[in-house]
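Single-letter residue listing:
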Amino acid sequence: MSVKILAIESSCDDTGAAVLVDGKILSNHIANQKVHEQYGGVIPELASRAHQENIVPVVDIALRTAGVKAEELSAIAFTQSPGLIGSLLVGSCFAKSMAMALDIPLIGVHHMQAHVLANFIDDPKPSFPFLCLTVSGGHTQIVLCESPLKMRVIGETLDDAAGEAFDKSAKILGLPYPGGPLIDKYAQTGDPNRFKFPEPRIPELNFSFSGLKTAILYFLQENQQQDPDFISKNLPDICASIQGRIISILLNKVLKATKETGVRDVAIAGGVSANSGLRAALQEYGEKYNWRTYIPKFEYCTDNAGMIAITAYYKYLAGEFSPLDAVPTARAAF
């Protein structure tokens, strides 16, 4: 009998629904929220309201695109943690109601575990064990993955996440929200070696980006005092230099992790894994250090329900179901 799972992702500002059949994603639909752009960041209350408006049509489109009827579903999956609590509540309540109405299992999914397993949606897939650098607006971690459901964080940021470093740097440069993709865009025509920014010396496999952000701020203030048009005249080179330093901070720690663990399969995941510079640099490191590298398709890098569906599939096969009184949480460890 086929395993058919409807997955819902509502951890932040995008409402996603996907349908998986026997490990294959048949549909993966996302409703983006544009309302936050005017505020320069996600407003939690507005996000939860938008999820309420979007969730029914998004789920309907996902089911119709996949050609699967609700009564054919084997389970309903949802993002349980981490995320904005109001947004998580919308998705969890909808999933619980649907699972109860259909009398089928409910599967709660950890958002960051799902980002890692996005690497298993398409071929080629990593072999176990492998290392995954998960980088997003709220998380930066090195994860040692021993099986689909057994993962351990061996390094993480002590302050800002890599995505925050991109977005905050973009704000300092006067770029609109979300600024990370714009830094990536301008960096493609810039010289990453033009300006030098510090690489923090953080012990073990952990990261820190707060000092880099401060260094960028002081660098720009100093140069603008000499030339008010410094940013506009040098924007591509500034973006390339900022991006290059963030990438080197990330991959130098991954290099250290491969040496300490002996693991040579290396993947990336999370919203920042859509960054073209990081994707290219991972492949370069792979060729230089003889890694086998894995990068999800762009559509599975940012928050999406496809990654929730593939994680739920492995949990379904393992019989790991959630009770109907499962509580979503804003923060949760693997």
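Under an unreviewed UniProt entry, the name given to the protein is tRNA N6-adenosine threonylcarbamoyltransferase, and the organism recorded is Chitinophaga flava. Its UniProt record gives the protein a comment under Subcellular location (unreviewed entry), which states: "Cytoplasm".

Undergrad: Teacher, can you tell me more about unusual backbone geometry here?
TA: Backbone phi values are negative for most residues with the exception of glycine, while trans is the configuration of most peptide bonds. Omega for the bond connecting Asp-123 with Pro-124 falls within 30 degrees of zero, at -5°, which places this linkage in the cis form. Among the structural elements, Pro-124 can be located in the loop between helix H3 (111–117) and strand S6 (130–135). At the junction of Tyr-177 and Pro-178, the peptide bond is cis and its omega measures out at -10° in the coordinates. Along the chain, Pro-178 falls in the loop between helix H4 (162–172) and helix H5 (180–187).

Undergrad: So what exactly am I meant to see when it comes to the UniProt feature "binding site: substrate" (unreviewed entry) in the protein here?
TA: Per the UniProt entry, the sites bearing "binding site: substrate" (unreviewed entry) are Thr-134, Val-135, Ser-136, Gly-137, Gly-138, Asp-167, Gly-180, Asp-184 and Asn-275 in this numbering. Relative to the elements of secondary structure, Val-135 occurs in strand S6. Relative accessible area serves as the criterion here: at 0%, Val-135 is assigned to the buried category. Contacts of Val-135, omitting those with residues within four sequence positions, involve Thr-140, Ala-162, Leu-250, Ala-269, Gly-270, Gly-271, Val-272, Ser-273 and Leu-278.

Undergrad: Explanation requested: the packing of aromatic side chains in the structure shown.
TA: Aromatic ring pairs: the centre-centre distance and the angle between the two ring planes describe each pair. Applying the stated criterion to the full structure yields 14 aromatic pairs. Each ring, one from Phe-120 and one from Tyr-314, has its centre 6.2 Å from the other, and the planes form 85°; the classification is edge-to-face. With Phe-120 in the loop between H3 and S6 and Tyr-314 in helix H9 (residues 305–317), the pair connects residues that are 194 residues apart, well separated along the chain. Through successive ring pairs, a cluster of aromatic residues spans Phe-120, Phe-128, Phe-130, Tyr-313 and Tyr-314. The ring centre of Tyr-186 lies 6.0 Å from the NZ or CZ of Lys-185, which sits over that ring. Arg-279 extends its terminal NZ or CZ atom over the ring of Phe-298, reaching a point 4.0 Å from the ring centre.

Undergrad: Looking at this structure, I do not really get the domain arrangement of the protein. What am I missing?
TA: How big an interface is tends to be stated in terms of accessible area lost as the parts join. We note that the domain assignment places domain 1 (4–117 + 301–318) and domain 2 (124–295) within the protein. A separation of 27 Å is found between the C-alpha centroids of domain 1 and domain 2. On the domain 2 side, the residues contacting the 16 residues of domain 1 number 17 residues. In terms of surface lost to domain 2, no three residues of domain 1 exceed Met-112, Val-116 and Cys-301, which account for 42% of the buried area on that side.

Undergrad: Just checking my understanding: could you explain helix H2 (residues 85–102) for this structure?
TA: Think of an α-helix as turning once every 3.6 residues; residues three or four places apart then point the same way. Over its 18 residues, H2 runs 25 Å from end to end, which matches the ideal 26 Å to within 8%, given 1.5 Å per residue. Those residues of H2 lying buried are Ser-87, Leu-88, Val-90, Gly-91, Ser-92, Ala-95, Lys-96, Met-98 and Ala-99. Buried residues along H2 sit in contact with strand S1 (4–9), helix H1 (44–66), strand S4 (75–81) and strand S5 (106–110). After H2 finishes, the residue Asp-103 shows a positive phi value of roughly 55°.

Undergrad: Teacher, can you tell me more about the state of the cysteines here?
TA: In protein structure, a disulfide is the covalent linkage between the sulfur atoms of two cysteines. Scanning the model with the defined rule gives zero disulfides in all. For Cys-145, which is in no disulfide, the shortest distance to another cysteine sulfur is to Cys-132 and amounts to 5.6 Å. Taking relative accessible area as the criterion, Cys-145 reaches 0% and is therefore assigned buried.

Undergrad: Quick question: what am I supposed to make of the pattern of salt bridges here?
TA: Pairing is possible between side chains of opposite charge, provided their charged atoms come close. According to the stated counting rule, one finds 12 salt bridges in the structure shown. With a closest N to O distance of 2.6 Å, Asp-123 and Lys-125 form a salt bridge. Residue class for Lys-125 comes out partly exposed when judged on its relative accessible area of 29%. Notably, a salt bridge pairs Glu-199 with Arg-245, separated by 2.9 Å at the nearest N-O pair. Taken as a pair, Glu-199 in the loop between H5 and helix H6 (210–226) and Arg-245 in helix H7 (residues 230–261) lie far apart in primary sequence, 46 residues in all. Residue class for Glu-199 comes out partly exposed when judged on its relative accessible area of 32%. Arg-245 sits in the partly exposed class, given a relative accessible area of 22%. Taken together, the shared-partner salt bridges in this structure form one network comprising Asp-160, Glu-164, Lys-168 and Lys-213.

Here is what the cut-offs are and how they apply
Residues numbered from 1 in each chain as written. Predicted model: local features only at pLDDT ≥ 70, side-chain atom pairs only at ≥ 80, totals over all residues. Heavy atoms only, no water. UniProt positions renumbered as here; feature names shortened; annotations may be inferred. Helix = DSSP H or I, 4+ residues; strand = E, 2+ residues; numbered from the N terminus. Buried < 20%, exposed > 50% of the residue type's maximum accessible area, 1.4 Å probe, protein only. Contact = heavy atoms within 4.5 Å. Phe/Tyr/Trp six-rings, centres within 6.5 Å; stacked < 30°, edge-to-face > 60°. Lys NZ or Arg CZ within 6 Å of the ring centre and 35° of its normal. Domains from an automatic or database assignment. Buried area = accessible area lost by both parts, 1.4 Å probe. Expected span 1.5 Å × (residues − 1). Disulfide = S-S within 2.5 Å. Salt bridge = Lys/Arg side-chain N within 4 Å of Asp/Glu carboxyl O.

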